[in-house]
Every structure is written in structure tokens, then in C-alpha cells.
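Structure at a glance
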Number of protein chains: 2
Amino acid sequence: MIDRAPNKLAKLRLAMKSQKLSGFVVPRQDEFQGEYVAAYAERLKWLTGFSGSWGTAIVLARKAALFVDGRYTTQVRKDVQDRAYSFHHLIDEPPQAWLKANLKKGDALGFDPMLITVADARRYAAACAEVGAKLVPVAQNLVDYVWKDQPPRSQKPLFVQPLKFAGKTAKAKLNDIRAVLKKSNADAVFIAEPSSVAWLFNLRGRDVPFTPVVLAYALVHQKGRAELFIEAERIPSDVKKALAGVAEVCPPSLLTQRLKEMARKKVLLDEGSAPEKVRQVLVSAKALVSLAADPCTLPKAQKNPVEAQGARDAQIRDGAALSNFLHWLAVEAPKGQLTEAAAAAKLEDFRKATGLLEDLSFETIPASGPNAAIPHYHMPPGGGRKINVDEIFLIDSGGQYRDGTTDVTRTVIVGKPSAEMKDRFTRVLKGMIALSLLRFPVGTTGAHIDALARANLWAAGLDFDHGTGHGVGSFLSVHEGPARISKVSHVALKPGMILSNEPGYYKPGHYGIRIENLLLVQEAQSIEGGERQMMGFETLTFAPIDRHLIETNLLTRDELHWLDDYHARVVTLLGPLMTGEALVWLKDVCSPFTHNQH
Amino acid sequence: MIDRAPNKLAKLRLAMKSQKLSGFVVPRQDEFQGEYVAAYAERLKWLTGFSGSWGTAIVLARKAALFVDGRYTTQVRKDVQDRAYSFHHLIDEPPQAWLKANLKKGDALGFDPMLITVADARRYAAACAEVGAKLVPVAQNLVDYVWKDQPPRSQKPLFVQPLKFAGKTAKAKLNDIRAVLKKSNADAVFIAEPSSVAWLFNLRGRDVPFTPVVLAYALVHQKGRAELFIEAERIPSDVKKALAGVAEVCPPSLLTQRLKEMARKKVLLDEGSAPEKVRQVLVSAKALVSLAADPCTLPKAQKNPVEAQGARDAQIRDGAALSNFLHWLAVEAPKGQLTEAAAAAKLEDFRKATGLLEDLSFETIPASGPNAAIPHYHMPPGGGRKINVDEIFLIDSGGQYRDGTTDVTRTVIVGKPSAEMKDRFTRVLKGMIALSLLRFPVGTTGAHIDALARANLWAAGLDFDHGTGHGVGSFLSVHEGPARISKVSHVALKPGMILSNEPGYYKPGHYGIRIENLLLVQEAQSIEGGERQMMGFETLTFAPIDRHLIETNLLTRDELHWLDDYHARVVTLLGPLMTGEALVWLKDVCSPFTHNQH
């Protein structure tokens, strides 16, 4: 099949010319900056063929550049056939540096101010200014202009996240946000982040795959109303009822007008999520724009007791589905006939059989043998690789349930492991246990504890090149801020946050290992003789950890006890949801290593 | 004795009035921002009586405030008799906030621009500006003006740090700095930090206690000369010879003139150490001031192989002196007649007996019983507290030798420890061993590994309120930047850095524990199967760790092996420097816990 990209690029350049633009920026993001975007917003993929979840193209009259991060440096070369593009590493050669080298005085770089955040626009504008060029907002996205068969925007109805799962009314949440506004002496806050809007109004949507966010903006006033900008036809009667007295539903076409009414008022904007367009409208209307972090981010991350209980319930349900799958895999895989695709499909079947699965929380990563060495492996179309005997199989997956979002990775050996595999698996497990057992004081950040998950790998001259954990939403995004467990995360861990704990080890061309549980941050129970309030993690995820890959000589007494105790809880919690051969298998693979069990 | 402070304050206020100033800032720092200052520069102590190493007074016509950090909130109340001062916590109530509340429009706040850094002056100026007041530099320090018997400035001669200890010529170091200037496209750098000047020119001085820095500024030009601003009479002939062709010695009175000659040239300034005065002179001379970190800081911290070997030699010598002291203490203390002062004096005697002690590296902290619970305990005048039987005795001390600076803490029990003391001591020890054994990848910072020294305390609901470690100079400051092991230290650890490893535990009113060794960062030896270059720590400090305080049941096999191996090396390295009863004692207290010794 002949790739159509050259043609597209030529059309885009014609559009640029007609608007007197020297260039145009095409980010992967839509106007909601999400990891997943709806079909109509796949502009970067349409234009270039690149299918990754993060990237930006910059098209000039004679040059075109595509910037992707470390995950996609190989993939971009496969995806993009058009030789007109040069490929750049987003961090090593950022777009701003490329622009400084390729724009000249008097050039006009076009951009869609709905797709570029306030912070990004500032960076682009600074790069342009350095060479005497300027950054010019366009009224209509040039890709939309040339994309003839662009899919329509989602008109899927919203639905209510009821109090029994949300744990707090929208009214109460809005009152909290208004208290923040009062403290900041602000008249209103513009909320652009779709998971914040979903959380704040206890709503969910089905516009993008995997993530039930609400693709809508909101404007919350300190006094009086909150406005939710969304098409009225997407609001079913029960949602309308739920929003009565909580928010005014405004058509998106009214957004500019409502922003203009903020003249001489102080409006908070989050520069990392708000579109530059919103800032420009507010500034030209003489509103006082104050950049501040989205006030929903922290309360959304700190799950309330109802959400925490929902998470526990969802993880147990999901863990039973995963355990049924692992039992099936233990029976079928040694026959040597399974493919990655068949495994992923079977796991989805088990999840669906719970009767409560809303969606997967991301595309399942079913990685056999050397594919497991690619942390962000995407199975190609077709059946994927065969699952061979005496190879490792890693499966990273999760589900969206109304009561919670799951994310779990298990690594198993089909057949017999090598001594090296066992050594590496056990070191990864020791790191994972170190975090599971950790108690830590108030103020501790992810950057402070990330090393605890790595020290046993470091001791052997090994490491892994991703963070140890990310935040997880409550029937929301599987990647949720503000806290992470990584070297660069300086946000304090607070009670109610859910974080993944997923150290790994990757041997390119051979195999990979990752073990992932979700953890809930909690105030730790006080200990006799303890002097300070500590926090700790409650493990939320339950599913067997493959004992064939564990070298018990490398485990300390405390680590063995954690493992036996964990497996005992797997049986206690999942057993009631499992039956027959699978239950027998579960009890077997969860039997303890040590005898002094309690 | 009647305190003279009220009188001093009145005199200072008269001086303020004569200069039409509404207030005056009196920092503890001298013009070199050091932790230790010469007698003539003890302005804050003279004015207020406060004897801590960090603090600032702000005197207004009717109010006076003294700002100290957490170490000194108790001491300041003892030191300062004058009720005219209000006391404030430096972090909770910073001077800038106090100024905003107490200055009014039109006020003029005086300050000595030689004593206040560029960064601090900016903060003061911003606070003044917010209330419509202004920050006004004075030509003569008002305290000097009213301090009639102010001691004279040091005229002690400098001396050369020879190549056999410095490991690199001043010429070679200057070439490195000039390469930095070239890369920054700068014409010159002004160096204000006295340890940088000492390091760069391979000079040392005896102007301030404990730290052999050179109280002088330097101006290093990219092309041509380097200027060292110091009185010619302080340069003996051998120093003059060493500086020939390296630096031009200029009288300090020429500084302003030389700065003015930088018109239209780009000059680098470190805002954290350069006096605001220097910036003002440069700016008014139309030089282009560029704020940048002192380029000596990093190379000074990364000790070269000669300095590293010097450190090893110095620590072994110092460890033998400390071990002789610990033996003496083990014999004498159980008699119940020793005082803290007697112990500190005896330890100094043992250090002096090496024949190579230049100075202590800080005032010895000899803390018995509850005094050990005060991390920064300063023994009061007189003999200090008695060292009682069945109490803990903590001694934190160090020496300055030509080949290296030492800093070591040992905590011992006189008589019998309680079970709690053993538990706490062992948890502190486990943290200390965790860092000693750690291997870590390039880019790791102190913030990443600080938790490893605390996790065993956290597990029991305990913690300590100071960083785990600080940098240490090479016959220079015992507190040296840029790296530390603390939650807020984001500087990567690099080969050659020397850091202390000193976790602790403090039970106010009862006892305290701290164990401190110095560590040298090194590239770690590669391990079979290892894939990445790791770094690790070489332990530099050798002296017995009190086995009576160790609960061996709490130690893992690896920790026990580290301890036995460490004690075996103590005997091997210190044994040849010790004799008689002390040597017999050393071998006894260093005997292994386990039998599989190599």
C-alpha cells in the first residue's frame, strides 16, 4: 500500500501558505492533553503515520521534523514512511532547539492554541523570539482543514458516578474548591483537565478508549455558579438531574463569551493543562490570570474511604480474573501453541466474565520471551509472538470497573527458568517487597523511596529505565498525578493516594521481568515504642507471584514472611471467587515457603 | 555581671539616626560567608550576645529582632539577655516576612553590602519594595562604627599546600577554570568563597578557627592574569615564589578599581557567596554580570587521587588517636569521675600526639547522657556534665591534618545499656551500613539515598532530624558543598567526593546515638554479570563501633559480615600505630561476631 503521507504534507503546506505561515505545529495531544485521544483528534497519526501516545511534528516549507520520546525512537521509524520527516529525541533535541536552528527572522510559526498548553506556548514563543520569528495562533486547525474524512467528534452521553462509588457529592467537592479560591483571593478557576472535571462533578464519559474521563472544560466561580461546557444533547436526564443546583451546562460555543465576562476578575489557570487560547481570551478581556496548579489534582489523588473500599473490591475481583487466567495459562502454555494475542484475549474474557468490566484500563501488554524486554511493548496486529516453552511470559494489564481502576503485572516462566532468570526475578521481587513493607514519615516523596526498589539490582550492577510507580485514578486514568515513585517526583505521598509498585529488569533480546501491585498510602498503625506518626502502604493487588522464578536463598526472613503472608491473603481473598481446578491450582501455587505461618 | 547589650543597641540606633536609616541588618556572617568567623567579625555576638554559628539581627528604631535556625531556638534565649530583642525561627518567620510587617513606606533599611550576598540582598530588597521602603547600602558597617574595642583583622601569613598534598598545581586548576570561562563565553569570574580561593591557589590560612581557608577574594580572567586580593605583608617569600606566574597579589584596597576595569566585560558571580557590593560596583561600571555557580565548587569536591590518598592516611592516623582515646575512656569512665571537658581534652591530647595535628576541624562535641540527645550540643564553659555509669557517651570530633580533614562520631555505653538503647543503636547502625554497602548508578543524588539510612528507624516509628551526611574538604572545611546526603540535596554524587555517613537517634532528656564514618565516592568494581557502571563508597574512617550496644539478632547476615570485616580492617590499619594495653584492647573490641571470617 502506498502511504498517503507525502500528499498530506503537501496539502498542509498549501494551507500554511494560504495563511502566510512559515510553519505549523502538530502535537499528538487534543484540546484535553490526554494520553488517549478520540479518533477525530488523531491528527499527528493521520498526518505522519506515527501511532505513539506522545509526539509532536513541526512542518516548515522545506523541512518537517517529528519529535518523540525514548519509548518511541524505534517505533517512529517503522510507523512513518515519509522520508520528508527527520526524527528527533524529544529530550536530547527538543522542538525549541530545532526551531531556533531552522526558523529565521520574520518567520511566522502557526499553532492551534486549543491544542497547546499555556506552558508549551510560552516555550514555543520564546524559541521563536530568540530568532526574531513569531508564534501565531490560527483560528482553525490546519490539519482539520485538509483532513477531508476526519471522523466526527464524540457525542456519547455522559453518565453519573454515583455516590456509592464516588464517596463525596459534587456539591461538597465544589465547596472545597471554592474554599481554595477564597484562600487564593481568586474569583474563579478554569479547569481543563478532563479527569478533574470528571472527578469534580462525579461524571464519567466514553469518549476515549480506556479512560472514562469527561471531555469538557469547567469554570468554577468562588461565588455562585459552576459552568460545565458540553453539548446539552450529551446530558441524559439522570445526569441533568444530578447536575441540577450543581452546575450550569453551557454549550462549548459559549466558552469564549463566558471567559470574556471575567473582565477585571482573578482567574486561576493551570499552565500544564489549560489551552493557550483560554489564557489569550482572558488576557484580552482584561481578566487577571493567575497561574496555579489545578486545585482538583490533589483531592482527586487522595481517595476517600468509599473510593478506597471500591479500589479494594475492584482489585480482588480483578485479581480473581487474573488468577483464573494464570491457571489457564499454566495448563495451556506448556503445550507450546499459544500466541500473545490469544493470551490477551483470554485474559479479557476472564475480566468480562466478572460482569462488571467497563473497559480495559489500557491495551494489554502480553509479552513473550524477548518482547518482555521492551517495557512499553505494543503487540503488532496479528497474533503476536508465540509463547514458547522455557521462556518468560510477562503480562501487564488492567480493567476499569465502576468502583476502581486496576493495573497489574505478573511475570511467569513457561517450562523451566535459568539460574540468571531466578536471580533477576528475585532481585526485582526484593525491591517490590521493600516498598510494600516500607513505613515512612510525613513529607516523604517518590524520589526519596525509589532507590529502595532498586538497591538489590544496583548491588548486582543492574537497573531498569522507568520509574518505579505511578498514581492510579478511581474509575479514571490509570496514569494519574501528582505523585509518582520516581527519581524526579518531589510530591509528598499522602494518605489515600494509589500508586503502582512495579520494579523490573530487562535483558534486551532475551527476556524481561516486571512485578506490579497497586498500593494505597495510609497512616500506619502505631508501633509500641514508636515516637512519630508514620505512613505505610496497603497492598491492593492480589494474584500469585510465580514461585518457580524465586531464588529463596536471596530472600531475608522478613521478605519470606511477607511473601508467604501475601500468598495466604491471595487465597483468603480470591478463593471465594474461584472454583474447581483453578481454585485447587491457586491454593497450590500460594502454599508457603516457610512453616511458621500465622 | 550586667550585660552591656542595651547600651550597644542604643549606640547602634544613634548611628542609624545619624545616617538617616530606619533600620540596620546585622548578619552573623563576615564578608566571606563562613561558618566560622574571626574575632573582629563577631559583630552579631558583640551586639546581642548570641554565640551560634548562624543568625541575623534586624534593628529598627523601636524594635529589634533576632532570627536563628532550629538548632539555636533554645540557646538564643540563654545567650541574649537584652529583652529588647524578639526571637524568630528563621524558616517559620523569615526576616523578609518580619520586615514586611514592621517597615513602612519611605523607610530606609541599612545594610553592609560586603556582608550580604547578592541573593540575600535581592530578598531583602524585594521585602522592602513590597512596603514601599528601600534597602540602602552603607559605606561603613555601623557596628564597626560603634564597636570601640573591635579586635584587629588577622594578619596571619598564608602558607602553601604543597603538591604532595594538593595533587594538582594551581596553574592546572586555573587552566580548568579558564576552560569553564571560555565555554561560558565569560571574560572573568569573581571568586568570593574562601575555600575556593584556598583550593584554587593551593594556599591555606590560619584566620578562622578550625578551617584553614584563605580570607581573600580572587578575580580570574579568561585571558591573562588572576588577581588575588590580599595584603602583601601576609605573603611570605615561599608563598610569593609559589604564586609567581600564577597570580598577581593585589591589596584589597584595589578591589573596587579592578572591578571597575571590567566595563563591558562579562563577569561570572556566584549569588550565594559574592557580596552584593561586588555586583553593585560591576553593574555601575557597566560590566555584564552573569550569575553562575562558583566553578571551583565541583572540582574542589571531587578529590584527585593524591587528595584521596591523603584522606586515607589522615583518617587512619586520626582513627588510631580516637581508638587510643576510646581505650582510655573504657578504663577511666567506669570509675564515674570523668567530665565531658576532660574527655574532650584527652581526645585532643591523643590527636596532638600524632605530631601532625594542625587544628581540630570543629569544636569537639563530648555529650554524656541526655546531652547526647542534642545533635548540635555545645559544651558550656566549665567542665561540662559528668560521664555517669550506665549512660551513653557520644563524642563527635575531627582534626585538620595537612593531608586531610577528619570528622568522626562514636557512641559508647559506660556500664550496661538498656534493651531500648541496643535496639536504637542497632537500627542506626543498620542505616549506616546500608549506605556503606550501597552501589548506585551515575546521576544518583543524596536525596535518592537518604532514606536507606532511615528505613530501619522508620519501621519502628522513629527518625532523626538532621541530614544523613555532608561533604568534607581536603584540609579545608569540614562542611563542604555541593553534595550532601539529605532529602533536599539534588546534586549528583561523583567520584572523589567525601561525604559523612552519620545517621542518629535522639531521645530528648535521655540519650542520643550517632555513628559517623566518612565515605569516598568511587566507581565501583564491576561485578560478574553486571551490566552498568555503578558507583560505591569506600569507607575512610576506622575506629571500633561499640559492640555492647549492638543487638546482633537485628542484623542480617550481610550486615554482620560488613561489621566483622570493618572491625578486622580497623585492627589491620590502626594496629601498627597503637601499642601496649590499647592495642590489646583494640583487638578485643574488634573481634568478630561470626566465625566465617576471611
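Residues numbered from 1 in each chain as written. Chains lettered and ligands numbered in written order. Predicted model: local features only at pLDDT ≥ 70, side-chain atom pairs only at ≥ 80, totals over all residues. Heavy atoms only, no water.

Overview of the sheet that holds strand β12 (residues 248-250) of chain A
Residue and element names in this part refer to chain A. Pairing in this open sheet of six strands is mixed, and the strands run β12-β11-β10-β8-β13-β14 from one edge to the other. For this open sheet the edge positions go to β12 and β14 (288-291), each flanked by a neighbour on one side alone. Between one strand and the next, the sheet's axes are offset by a mean angle of 25 degrees, whatever the strand orientation. Two elements, strand β13 (residues 266-269) and β14, share four bridges in a ladder whose sense is parallel. Across the sheet, L268 pairs through a bridge with S290, a residue of β14. Packing of helix α8 (residues 170-183) onto the sheet brings it into contact with β8 (188-191), β10 (217-221), β11 (226-229) and β13, and relative to β10 it is tilted by some 65 degrees. (Pairing = 2+ DSSP bridges. Helix = DSSP H or I, 4+ residues; strand = E, 2+ residues; numbered from the N terminus. Axes fitted to C-alpha atoms, helices over the stretch in contact; angles between N-to-C directions. Contact = heavy atoms within 4.5 Å.)

Here we look at the interface of chain A and chain B
Between chain A and chain B, the residue contacts involve 30 residues of the former and 30 residues of the latter. Here chain A packs against chain B, burying approximately 2,500 Å² in sum over the two surfaces, 53% of which is carbon and sulfur. Three residues, H448, W458 and R532 of chain A, lead the burial of chain A against chain B; their summed loss comes to 25% of the area buried on that side. Scanning the region where chain A abuts chain B turns up two salt bridges. For D465 of chain B, the salt bridge goes to R532 of chain A, with nearest N and O atoms at 2.9 Å. Where chain A packs against chain B, one counts 13 residue pairs in polar contact (both at pLDDT 80 or more). (Buried area = accessible area lost by both parts, 1.4 Å probe. Salt bridge = Lys/Arg side-chain N within 4 Å of Asp/Glu carboxyl O. Polar contact = N/O pair within 3.5 Å; in protein donor to acceptor, adjacent residues only side chain to side chain.)

With respect to the side chain of N324 of chain A
Looking at the element boundaries, N324 of chain A is found in helix α14 (residues 305-332). Sequence-distant contacts of N324 of chain A, that is, excluding residues within four places in its chain, are made with F350, M578 and A582 of chain A.

Some points on the relation of the copies chain A and chain B
Once turned by 180 degrees and shifted 0.0 Å along the axis, chain A lies on chain B with an RMSD of 0.1 Å. Both chain copies can therefore be described as sitting about a two-fold axis. When C-alpha positions in chain A are compared against the rotation axis, the closest is assigned to H448 of chain A, at 2.5 Å. Counting the interface residues of chain A, we find that 100% of their copies in chain B are interface residues as well, pointing to one common contact surface. (Least-squares fit on C-alpha atoms with pLDDT ≥ 70 in both.)

A look at the pairing of strand β17 (residues 391-397) of chain A
Residue and element names in this part refer to chain A. Most of β17 is tucked away, with seven of its seven residues classed as buried. Both faces of β17 are covered, namely the face carrying E391, F393, I395 and S397 and the face carrying I392, L394 and D396. In this sheet, β17 lies alongside strand β16 (residues 365-368) in antiparallel orientation, the contact comprising four bridges. For A367, the partnering residue across the bridge sits in β17 and is L394. Judged from the seven bridges that link them, β17 and strand β20 (residues 408-414) form a sheet pairing that is antiparallel. For D396, the partnering residue across the bridge sits in β20 and is T409. (Buried < 20%, exposed > 50% of the residue type's maximum accessible area, 1.4 Å probe, protein only.)

Spatial relationships are all this shows, so hold off on functional conclusions.
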